[in-house]
Amino acid sequence: MKRILAVLIAVMLLVAAIPATSMAEIVSNGDNKVYHASTNGGTLQVHREASLNAAVVTRVPNGTALQQTSSKTVKKDGHVWMKIKTPSGTSGWVSKKWVKENAHADVNTQKDGLNVRTKRSSSSKKTIIYSIPHGTKGVTVYKVNGNWAYVNYKGDSRKGWASLGYLRWALW
């Protein structure tokens, strides 16, 4: 019993020592805003750290979708920096000066349309608002949460949740 209690206390102390921001980035299932690179035609540099002097980990084309991975921003070098993830999975920091909210995705279903729902659940047909046809291009994505994307199709006033697995990121 004493051994189990000692192990539990050690685990609790270890978890308490990990910074809150890194834990949030690892286990976050909250809504993450989606942006796209807006560089007037050039490429956007993704930096290892929030600084113009930091190493560039990748460059992405104008219009590329970027998922914000932390609500924390950093002011440095005259820029406001945000932490993002690219469609290829590369993480880094970009200046908010060179991004705009929302991104585009294409529907990538086998043959049926992609259901847009009132909530993040496929357990009930009652939650379906409408269906986006197979092969549709340019669906607007506002945010993601786990395996779900908050979307809008053709400017329809009805926004809702669609399975992220059936969307493929596209250039804006």
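Quick note: structure is the one above.
Remember, predicted model here, so these are calculated numbers, not experimental data.

Visitor: For this particular structure, what's the right way to read unusual backbone geometry?
Guide: Outside of glycine, negative phi angles account for most residues, and trans bonds account for most peptide bonds. One non-glycine residue, Asn-40, lies in positive phi territory at about 60°. Inspection of the secondary structure assignment puts Asn-40 in the loop between strand S1 (32-37) and strand S2 (43-47). Of the residues examined, Asn-40 reaches a relative accessible area of 73% and is grouped as exposed. With a phi angle near 80°, Asn-102 is a residue other than glycine that sits in the positive phi range. Considering the arrangement of structural elements, one finds Asn-102 in the loop between strand S7 (99-101) and strand S8 (103-107).

Visitor: I'm lost on the pairing of strand S11 (residues 139-145) in this one. Help?
Guide: Consecutive side chains of a regular strand alternate in pointing toward one face of the sheet and then the other. The element S11 is extensively covered by neighbouring structure, given that 5 of its 7 residues are classed as buried. As paired elements, S1 and S11 share 2 bridges and run antiparallel to each other. Bridge pairing links Lys-33 to Lys-143 in S11. When S8 meets S11, the two strands line up antiparallel, connected through 3 bridges. Pairing of Ala-103 across the sheet is with Val-141, part of S11. Two strands pair when backbone bridges link them, and S11 and strand S12 (residues 148-152) are joined in this way by 5 bridges, in the antiparallel orientation. Counted as the bridge partner of Asn-145 is Trp-148 from S12.

Visitor: When you look at the pattern of salt bridges in this model, what are you seeing that I'm missing?
Guide: Side-chain pairs of opposite charge can arise where the charged atoms are in close proximity. A full pass over the atoms with the stated rule returns 3 salt bridges. A salt bridge links Asp-31 to Lys-143, with the nearest nitrogen and oxygen atoms 3.2 Å apart. With Asp-31 in the loop between helix H2 (20-27) and S1 and Lys-143 in strand S11, this pair connects stretches of sequence that are 112 residues apart. Glu-101 is the partner of Lys-33 in a salt bridge, and the nearest nitrogen-oxygen pair spans 3.7 Å. A residue pair is termed long-range when its members are at least 10 positions apart, and Lys-33 in strand S1 and Glu-101 in strand S7 qualify at 68 residues.

Visitor: Quick question: what am I supposed to make of the packing of aromatic side chains here?
Guide: Pairs of aromatic rings are described using the distance from one ring centre to the other and the angle between the two planes. Taken as a whole and judged by the stated rule, the model has 2 aromatic pairs. When the ring of Tyr-150 is compared with that of Trp-161, the centres are 5.0 Å apart and the planes differ by 55°; the resulting orientation is tilted. Within this pair, whereas Tyr-150 is found in strand S12, its partner Trp-161 is found in strand S13 (residues 160-163), the two being separated by 11 residues in sequence. With a relative accessible area of 7%, Trp-161 lands in the buried category. An aromatic cluster of three or more residues is present, and its members are Tyr-142, Tyr-150 and Trp-161. Note that Arg-120 overlies the ring of Trp-161, its terminal NZ or CZ placed 4.9 Å from the centroid.

Visitor: Explain the nonpolar core here, please?
Guide: Nonpolar side chains tend to gather and get buried jointly when the protein is soluble and globular. Ile-132, Val-141, Ala-149, Val-151 and Leu-167 are the most contacted members of the largest nonpolar core, which totals 18 residues. At the level of elements, S8, strand S9 (114-117), strand S10 (128-132), S11 and S12 are the ones that each hand at least two residues to this core. The residues touching Val-141, leaving out its near neighbours within four places in the chain, are Val-34, Asn-102, Ala-103, Ala-105, Ala-149, Tyr-150, Val-151, Leu-167 and Trp-169. If you look at the next biggest cluster of nonpolar residues, it comprises 10 residues, including Tyr-35, Leu-66, Ile-84 and Val-94.

Visitor: Please clarify how the environment of Thr-58 should be interpreted in this entry.
Guide: Turning to its location among the elements, Thr-58 is positioned in strand S3 (residues 56-61). We classify Thr-58 as partly exposed; its relative accessible area is 24%. The spacing of Thr-58 and Val-46 is 12 residues in sequence and 5.4 Å in space, taken between C-alpha atoms. Not counting residues within four places of it along the chain, the set of residues in contact with Thr-58 comprises Leu-44, Gln-45, Val-46, Thr-86 and Thr-90.

Conventions used here
Residues numbered from 1 in each chain as written. Predicted model: local features only at pLDDT ≥ 70, side-chain atom pairs only at ≥ 80, totals over all residues. Heavy atoms only, no water. Helix = DSSP H or I, 4+ residues; strand = E, 2+ residues; numbered from the N terminus. Buried < 20%, exposed > 50% of the residue type's maximum accessible area, 1.4 Å probe, protein only. Pairing = 2+ DSSP bridges. Salt bridge = Lys/Arg side-chain N within 4 Å of Asp/Glu carboxyl O. Phe/Tyr/Trp six-rings, centres within 6.5 Å; stacked < 30°, edge-to-face > 60°. Lys NZ or Arg CZ within 6 Å of the ring centre and 35° of its normal. Core = buried A, V, L, I, M, F, W, Y, C linked by side-chain atoms within 4.5 Å. Contact = heavy atoms within 4.5 Å.

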